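Results of the structural survey
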Amino acid sequence: MAKIKQIIAREILSSGSTPSVEVKCVLETGTIGVASVPYGASAGISEAFVLLDGDKSRFMGKGMLKAVENVNKIIAPVLVGMEVGEVGSQNVIDQKMIKLDGTERKTNLGANAILGVSLAVARASANEAKMPMYQYIRKAFDLENQGLLCDKNYILPNPMMVVIEGGAHADQSTDLQEYMISMIGNDSVAENVRRGIEIYFTLKKVLKDKGYNSNVGNEGAFAPNGLPTNETPLELIKEAVEKSGYSFGKDVGISLDPAVSELFEEGVYELEKENKKLNSDEMIEYFVNWINNYPIITLEDALAETDWSAWPKLTEKVGDKIAIVGDDLTVTNPKLLQKAIEVKAINSILIKLNQIGTLSETVECCMLARQNGIMTIISHRGGGETNDTTMIDLAVAVNAGFVKVGPSRGERVEKYNRLMEIETELAGNCSVAGLNFRKII
Ligand code: PGA
Ligand code: ZN
């Protein structure tokens, strides 16, 4: 046990060059924890509030000095002197901040301020306990003793790599946001990462040979322009997987995040590239057709975040075969997840720490998912990531099925490097989710 001595925040840049918040927590023992907060480019409407300065003379209004000030002047004085390191103390600290803010979406202090502190306190506590973060997260929330995990052993997540991106993440690419390869072999994480990267490089060659450019978008995935349809990336990926010598459907599956909330207006999904306007049932049929033709294993945000009545129809249709994942729909919010469970909208959930704004609520959401047979996928943010790797430790702590991360750029590969480091650290005392991913709940 130790007491918090100091909490200091500063404004930093995230990968998309939007400002973000970094927080340092110093304990009375001298132990330090540092954490930073990512920023989403296609954020869901129900996400926790990101407090921006709005001062157009700095960073086009996207500065985060107000959030920094809220940490330094409002949150820090309340938390200094509080104990960390005991089972439950992370929750006490997070609840204190939630109360101090007093709003549903953390609009007073900003989720960017609150999450920065939450993670910095957790990091300092882990360092004080001389534990890796994944182990500390299990301890802080007593996950093993309370029987909250599917398995006390560590089951490492499969890599889900974004290889082609469009939508809000890249100009002039596809209407749909993300085409991913998901590694489903269970030899080792390092092996899965290597396979994914090899396919990524082969895909670059496939794109070049066909005359497409291989520039990358926000997430380090290719963002070619001039693709004739939204289905073309599936064919290109198939070719890349096979040319790399892997079995399409056995070693590697496709994951999709069409992020169609961005394309939805007044009951209509507009696919500009294909000159199509679809209603909800037609949107479902559009994807069911793809599922019948390609080894799609996970499908995220295939319907809009406001189109609640359509989601159960999709899950009813294909939820026994593939993972139907809520992201904008559920925004890592236990209340929205509960609603999705009740109406049978999904069988899997994307988890992003900054969608909800504290480590405690994020873990609560993961455990609620597990208790209801909902698979968790822990995700990076498209718009502005930082080098913080807490999402990976969280994934390992809760036995998530996948981690969704781009295949290139420093802030992305840092996540894979951390996952491989954990695999080495655990030295065989773990397994890899592999093809059993649907059971990792
Ligand atoms: P975002 O998008 O992080 O830019 O909002 C990623 C996603 O939708 O999964
Ligand atoms: Zn998404």
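Coordinates for the structure precede this section.
Below you will find a few notes about this structure. From a predicted model like this one, the values you see are computed outputs, not experimental measurements.

Okay, a nonpolar patch on the surface next. A cluster of nonpolar side chains, contributed by I74, V78 and L100, occupies part of the molecular surface with about 190 Å² of accessible area. Along the polypeptide, I74 turns up in helix α1 (residues 65-79).

Let us look at the environment of I237. You can see I237 is positioned in helix α6 (residues 232-243). Look at I237 and you get buried, because its relative accessible area is 1%. Taking C-alpha positions, I237 is 19 Å from E191, a pair spaced 46 residues apart along the chain. Not counting residues up to four positions away in its chain, the partners in contact with I237 are V163, Y179, I181, L203, F248 and I254.

For the rest of this paragraph, the subject is the sheet that holds strand β7 (residues 178-183). Pairing within the closed barrel is mixed, and its 8 strands lie in the order β6-β7-β8-β12-β13-β14-β15-β16. Each strand of the sheet is rotated relative to its neighbour by a mean of 25°, with strand direction disregarded. The strands touched by α6 within the sheet are β6 (158-165), β7 and β8 (252-257), with β7 carrying the most contacts at an inclination of about 30°. Helix α11 (residues 359-371) contacts β14 (348-351) and β15 (375-379) of the sheet and is inclined by roughly 165° relative to β14.

We now examine the side chain of Q90. If you trace the backbone, Q90 turns up in helix α2 (residues 89-101). Note on Q90: relative accessible area 1%, which makes it buried. At 3.5 Å, the side chain of Q90 forms a polar contact with the backbone nitrogen of A122. Those residues in contact with Q90, other than ones at most four positions away along the chain, are S118, V121, A122, A140, F141, L359 and S360.

Moving on, we get to the pairing of β15. β15 sits mainly inside the fold: 5 of its 5 residues count as buried. With burial as the criterion, each face of β15 is covered, one bearing M375, I377 and S379 and the other bearing T376 and I378. Bridge count for β15 against strand β16 (residues 402-405) is 3 bridges, and the pairing is parallel. Bridge pairing links I377 to F402 in β16.

Analysis parameters
Residues numbered from 1 in each chain as written. Chains lettered and ligands numbered in written order. Predicted model: local features only at pLDDT ≥ 70, side-chain atom pairs only at ≥ 80, totals over all residues. Heavy atoms only, no water. Patch = residues over 30% accessible without salt bridge, like charges linked within 9 Å, V, L, I, M, F, W, Y side chains within 5 Å. Areas by Shrake-Rupley, 256 points an atom, 1.4 Å probe, with all protein chains shown as cover. Salt bridge = Lys/Arg side-chain N within 4 Å of Asp/Glu carboxyl O. Helix = DSSP H or I, 4+ residues; strand = E, 2+ residues; numbered from the N terminus. Buried < 20%, exposed > 50% of the residue type's maximum accessible area, 1.4 Å probe, protein only. Contact = heavy atoms within 4.5 Å. Pairing = 2+ DSSP bridges. Axes fitted to C-alpha atoms, helices over the stretch in contact; angles between N-to-C directions. Polar contact = N/O pair within 3.5 Å; in protein donor to acceptor, adjacent residues only side chain to side chain.

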